[in-house]
Amino acid sequence: MANANSLIEYDPRWFLFRALSELEELEKGPIERIDEINRQIAAIMNKRSIMEPIDISKLSELRTVARDVVLRLNLGLEHGSRLNLVRATHLLVHNDMIRFYQIGNTLMTKLKRDAEDIQQRARLTIAESGMVQIGVHPEAAMDIPLLSQTEEAFLSALIKANLIIGEVAAIAKSTNEAEQPIEQLAQVEIADGMLKNLSLRLDYLQTLPLYLIIKEKDFLRYVESMEWSEDLAGKITCGLMVNLVIDDGRHFCVTLDNVRRFREDCVTVNGVSEVVEERLLAWLVEYLETHQVTEAVIDYAYDYWIYWLNQLGRYLQEPTTDYDTLHDWFVL
């Protein structure tokens, strides 16, 4: 295999290269150690090229493997040094490169596994009997995504070691136009924060009595409505809010009359009234506490409801009778 230096060009964005440059510029720079580091990096690349199903005669494929190795080394060194160049040069002198690779690889493997787990969990499955539950089940007659298209795209990119950066908040609504490879620890931390939010949302949804989402006599109509949803979790939440206020039914499906009454009775020029908002948030906290969820789930769900209360209040400030538009917000 070619030398690592011929496969990877210097990139100042990578902390690893800056740390190696610092090491080389030391007055008593350990030349032998730098040579040993290069040999160790080349050895890791050689091992990866053997393990990966690639054509080692193709330079482009070798460069892909080499870049992947260097990115994981970079993540490992950033993690170990916390971006302190002095500490990083010390670590490079006293540690084998395989150690940094293992750290970086562990970080990336965890992100991928967490993303795959959330993909599996973030499904609303419906049996022929009408039973509704979260997660993939073999007996399910229908399988509907609970996350938004943006969030689904985020998970798919992450599984490929790429990242679509959105808001690390209660809900992700905006993204960059394109995926970008994960190269830095800061990107890992962004991805990890978004994954934790998605996991907490699923924990919150898991507590809800989802069997109330479908009335048996309207099974086909409601299933069709849910299949069209871009963000079913948000739609379930908005529907629950409306039904809690209007008829205390605690259902997730609403009628056009429910929406009209909610707008007339609960929405002001400033959005959902403070009294209604406080009532709903108090119900949420009490409900989750009775289900013995963690404080992290309660905190997340509270922020998630505030987000949807604000969105719903702005939306319902203007009357609308357009069924397709209302469908974007509720399971009708």
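As a reminder, the structure under discussion sits directly above these lines.
Chemist: Looking at this model, I keep getting lost on a negative patch on the surface. Mind explaining?
Modeler: Together, Glu286, Glu289, Glu295, Asp299 and Asp303 make up a region of like negative charge exposed at the surface. Among the elements of the structure, α12 (274–290) and α13 (295–315) are those that each provide at least two residues to the negative patch. Here the negative patch takes three residues from α13, the largest share from any one element. When its relative accessible area of 48% is taken as the criterion, Glu289 is described as partly exposed.

Chemist: Any chance you could explain the sheet that holds strand β3 (residues 142–145) here in plain terms?
Modeler: Reading across the sheet, the three strands line up as β2-β1-β3 and stay open at both edges, with antiparallel pairing between neighbours. For this open sheet the edge positions go to β2 (132–134) and β3, each flanked by a neighbour on one side alone. This sheet shows a mean twist of 25 degrees between the axes of neighbouring strands, independent of strand direction. Where strand β1 (residues 123–126) lies against β3, four bridges are found, and the strand directions are antiparallel. By the bridge assignment, Leu124 is partnered in β3 with Ile144.

Chemist: For this particular structure, what's the right way to read the environment of Asn95?
Modeler: Along the polypeptide, Asn95 turns up in the loop between α5 (85–94) and α6 (97–121). Between the C-alpha atoms of Asn95 and Ala172, which are 77 residues apart in sequence, the distance is 39 Å. The contacts of Asn95, once residues within four sequence positions are left out, are Arg33 and Phe100. Only 2.9 Å separates the side chain of Asn95 from the backbone oxygen of Leu91, close enough to count as a polar contact.

Chemist: Can you walk me through the nonpolar core in this structure?
Modeler: The nonpolar side chains of a soluble globular protein tend to be buried with one another. By size, the foremost hydrophobic cluster in this structure holds 80 residues, and its most contacted members are Leu124, Tyr204, Phe262, Trp305, Leu312 and Phe330. Not counting the four nearest positions on each side in its chain, Tyr204 is found in contact with Thr237, Leu284, Leu288, Val297, Ala301, Tyr304 and Trp305.

Chemist: Looking at this model, I keep getting lost on helix α3 (residues 31–51). Mind explaining?
Modeler: For an α-helix the count is 3.6 residues per turn, leaving residues at separations of three or four pointing the same way. Between its first and last C-alpha, α3 extends 31 Å over 21 residues, near the 30 Å set by a 1.5 Å rise per residue. Among the residues making up α3, those that are buried are Arg33, Ile34, Ile37, Gln40, Ile41, Ala42, Ile44, Met45, Arg48 and Ser49.

Chemist: What exactly am I supposed to notice about the pattern of salt bridges here?
Modeler: Any two side chains of opposite charge can pair, on the condition that their charged atoms come close. Inspection of the entire model under this criterion finds 17 salt bridges. Lys110 is the partner of Asp114 in a salt bridge, and the nearest nitrogen-oxygen pair spans 2.7 Å. Here the residue Asp114 and the residue Lys110 both occupy positions in helix α6, the gap between them amounting to four residues, near one helical turn. Lys110 is the partner of Asp192 in a salt bridge, and the nearest nitrogen-oxygen pair spans 3.8 Å. Note that Asp192 is positioned in helix α8 (residues 185–207) and Lys110 in helix α6, a separation of 82 residues in sequence. Given a relative accessible area of 18%, Asp192 falls into the buried group. Several salt bridges converge on common partners, so that one network encompasses Asp11, Arg13, Arg67 and Glu183.

Cut-offs and rules
Residues numbered from 1 in each chain as written. Predicted model: local features only at pLDDT ≥ 70, side-chain atom pairs only at ≥ 80, totals over all residues. Heavy atoms only, no water. Patch = residues over 30% accessible without salt bridge, like charges linked within 9 Å, V, L, I, M, F, W, Y side chains within 5 Å. Areas by Shrake-Rupley, 256 points an atom, 1.4 Å probe, with all protein chains shown as cover. Salt bridge = Lys/Arg side-chain N within 4 Å of Asp/Glu carboxyl O. Lys, Arg positive; Asp, Glu negative; His and termini not counted. Charge placed at Lys NZ, Arg CZ, Asp CG, Glu CD. Helix = DSSP H or I, 4+ residues; strand = E, 2+ residues; numbered from the N terminus. Buried < 20%, exposed > 50% of the residue type's maximum accessible area, 1.4 Å probe, protein only. Pairing = 2+ DSSP bridges. Axes fitted to C-alpha atoms, helices over the stretch in contact; angles between N-to-C directions. Contact = heavy atoms within 4.5 Å. Polar contact = N/O pair within 3.5 Å; in protein donor to acceptor, adjacent residues only side chain to side chain. Core = buried A, V, L, I, M, F, W, Y, C linked by side-chain atoms within 4.5 Å. Expected span 1.5 Å × (residues − 1).

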